[in-house]
Amino acid sequence: MSGPSALTYESRLMQLPKKSLVHQLAFSQGILESMLVPFLVVDCKYHLLYVNHAAVTLQHGSQEPESFLDQHISTLLGNCEHALTLLQQCFSTNAWFEYAELHLDTLEGGSHAVQASISPVFGMDNELLGASMLLQPAQALSSQNLLEISPGPGLLAHQELAQKPLVLMAREDGSLTSNDLTLERFLESMALTMEAFLPAGHKALMAECLQTGQRKSGLLHKVGGRIYSWSYNPLLALNTVQVSISDVTACQSGPDGTQEERLHDPLTGLPNRALFMVLLAQAGKRAARAGSRNFAVLYVDLDRFKLINDSLGHDVGDALLRAVSQRILNVLRSCDTLARLSGDEFAILLDTVDDEAGAMHAAERILVALGKPFTIRSYELFTTATIGIVVDNGSGATPEELVRNADTAMFRAKGMGKGSCVIFDKNMHKSARKRLEIEMDLKRTLDRDEFHVYYQPIVNLRTLTLQGFEALVRWFHPVRGMVSPGDFIPLAEETGMIIHIGTSVLYESCRAMADWRAAYPAFRNLMLSVNLSVRQFNSPTLLDDIQQILAWSEFPPHLLKLEITESGIMENAETSLNLLHALKDMQICLSIDDFGTGYSSLSYLHRFPFDYLKIDQSFIKLMHQSDENRKIVKTIISLARDMEKQLIAEGIETREQLATLRTLGCEYGQGFLFARPLAPEDTETLLATDHTWTTLLQEPEPQEDRFWREDE
């Protein structure tokens, strides 16, 4: 089209008469957000003042609604003499017409029946500006459909609210005004007063909307066994709020056909997954229509909630979830939506965001809010959150896809550490698919012989002789080949399969070391170090499993050293302390793995009955990059010496690192400088040759050692 359609939406508004402009502003800010059925507004000369997307789709497919503004109604609806007659009567008598049947021409030359509800539209001084028209398929309100709803008072009014959202204007004092008879008929048929129909906090929501200028949507209110969705849209230019009310009871039918409230989480009162998906779908449609509008989905997972819930009880856990919900709501805009998906997982719909940076800033505000302590029933509790973010512009992605992608980003954020947030990108799809494939293979692997135990030498740094081995699991997949432990260990931990894997590694390594003790008497006192994952450490069968393995393998318990991460210990310090003392009573040696990378408290550390501290390889690698890094390692060694603990440094790769650690007094070490993890046959070769590493004290830097094999 030419003429007005070539102008911008805003410039066309400026050309309208003032009264019509006020009316147009009201609709442009609010109706588009709440009307999902065909809806239009005409002036008294039958020219279109407002057209929503659904009305255009009804007759013209994918054309833009703005192209019809200022055009005669026949441009949109075609030959519609009956509609013009009804509109003329509406203008002359101020009458309403409910569900009048119209026959509209189709582009193919045929016609189809619709039902029209026509209402006069007045300006702020009660001057007639035109009429609104809502269109529905003729069969939508047939007698058959009416009978499908349980009979009762106000049946017709219920049906109308379900099919046509009721749009009202609310004054500054909260009172509602309407030129639509539906509300009056509804209240009369239900014998309700307006006060009984209003949701709790109606006036407060009104005040908040006018103060912040933000929309509030999806508020559910139950009256007389039915559930209504209320949305508030501020019209700041008019100092009023537009209120949209829909009957959403039918959205909640249970599998047995009964009507039940299923859109809210009973614990927090937040929207649940079902309602969140509906609101997310609507946000996608709005963004698609606008063309340049972004919205975002945040997937929020609380860290350490299970620990709090299990140790302090479900009542405290439930109270914490409610407190977390309120804390998040306090930093969201009123137009945003917070939902509880399940357990300690929440989802947030940011109704509009400028870009990914805007979504990230919102996530960071949430992390800051949750970083402050919670006081729950005299307990001071700390929890953080991990957040995955998806930003979308109406791309056509389904709500399920958006939530899945946000969940994928959240999982990636967990790998970065607690209290992180990550924005989804398409490459994460590949990683997620790979993760799923590995998880499926991992489950099948338990019944196959694909896991093998490798042994990395632990060396006495003073004498450069063999002190023991660390047992490490390796997975050789028949198709993928060697699967990195970094790929499958976290999955095994998450799914619980790590308990079976860890128990198998412990048994196999104890059995092998017992055999080598018998075959090589000179090495009868070698130590065996085995890692315990957090999941395995918290297993209720851990002590029984270890006792049975030591009995079956006949491996001396005093030569077994179990390595546990300090973060795994500190998650439940008192329980860990009791378990560690039970292991010490079995004469087993204990070591803190990756020391310095967790969040241990020295006030607890001195109480734990550990024999060894293992310096994390990250400190060793950085040791010669600056004097500060070297001082950190020196401090750790001094701390261990003061606490009468022995030290093992992991990740030693250069002679310079070895020389520094010897000078600082570190007792033991392991790393590629000595040997990579060895297959059992290579381990026997090392034992048979009585290998030492004294040549590392000579110059120049040696060629690749026999045990520096890249066979893993």
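Residues numbered from 1 in each chain as written. Predicted model: local features only at pLDDT ≥ 70, side-chain atom pairs only at ≥ 80, totals over all residues. Heavy atoms only, no water.

Chemist: Sorry if this is basic, but what is going on with the pattern of salt bridges here?
Modeler: Note on pairing: side chains with opposite charge can pair once their charged atoms come close. Under the definition given, this model contains 10 salt bridges. Close ionic contact of Asp303 with Lys414 constitutes a salt bridge, the shortest N to O distance being 3.0 Å. With Asp303 in the loop between strand 11 (294-302) and helix 12 (305-312) and Lys414 in helix 15 (residues 399-416), this residue pair connects regions lying 111 residues apart in the sequence. Look at Lys414 and you get partly exposed, because its relative accessible area is 34%. Two residues, Glu563 and Lys614, come together in a salt bridge whose shortest N-O distance is 3.0 Å. In this pair, Glu563 sits in strand 22 (residues 560-565) while Lys614 sits in strand 24 (residues 612-615), placing the two residues 51 residues apart along the sequence. When its relative accessible area of 1% is taken as the criterion, Glu563 is described as buried. The exposure class assigned to Lys614 is buried, which follows from its relative accessible area of 0%. (Salt bridge = Lys/Arg side-chain N within 4 Å of Asp/Glu carboxyl O. Helix = DSSP H or I, 4+ residues; strand = E, 2+ residues; numbered from the N terminus. Buried < 20%, exposed > 50% of the residue type's maximum accessible area, 1.4 Å probe, protein only.)

Chemist: Whenever I open this one, the packing of aromatic side chains confuses me. Can you help?
Modeler: To describe a pair of aromatic rings, you give the distance between the ring centres and the angle between the ring planes. Taken as a whole and assessed by the stated rule, the structure comprises 13 aromatic pairs. Here the aromatic rings of Tyr46 and Phe91 are separated by 5.7 Å at their centres, their planes lie at 40°, and the arrangement is tilted. Here the residue Tyr46 occupies a position in the loop between strand 1 (39-43) and strand 2 (48-51), and Phe91 occupies one in helix 5 (residues 81-93), the gap between them amounting to 45 residues. Here the two residues Tyr46 and Phe91 agree in accessibility, since each one is buried. Aromatic side chains Tyr455 and Phe469 sit 6.3 Å apart centroid to centroid with 80° between the ring planes, which places their arrangement in the edge-to-face category. Placement of Tyr455 in strand 18 (residues 451-460) and of Phe469 in strand 19 (residues 465-477) is noted, with a sequence separation of 14 residues between them. Neither residue differs from the other here; Tyr455 and Phe469 are each classed as buried. (Phe/Tyr/Trp six-rings, centres within 6.5 Å; stacked < 30°, edge-to-face > 60°.)

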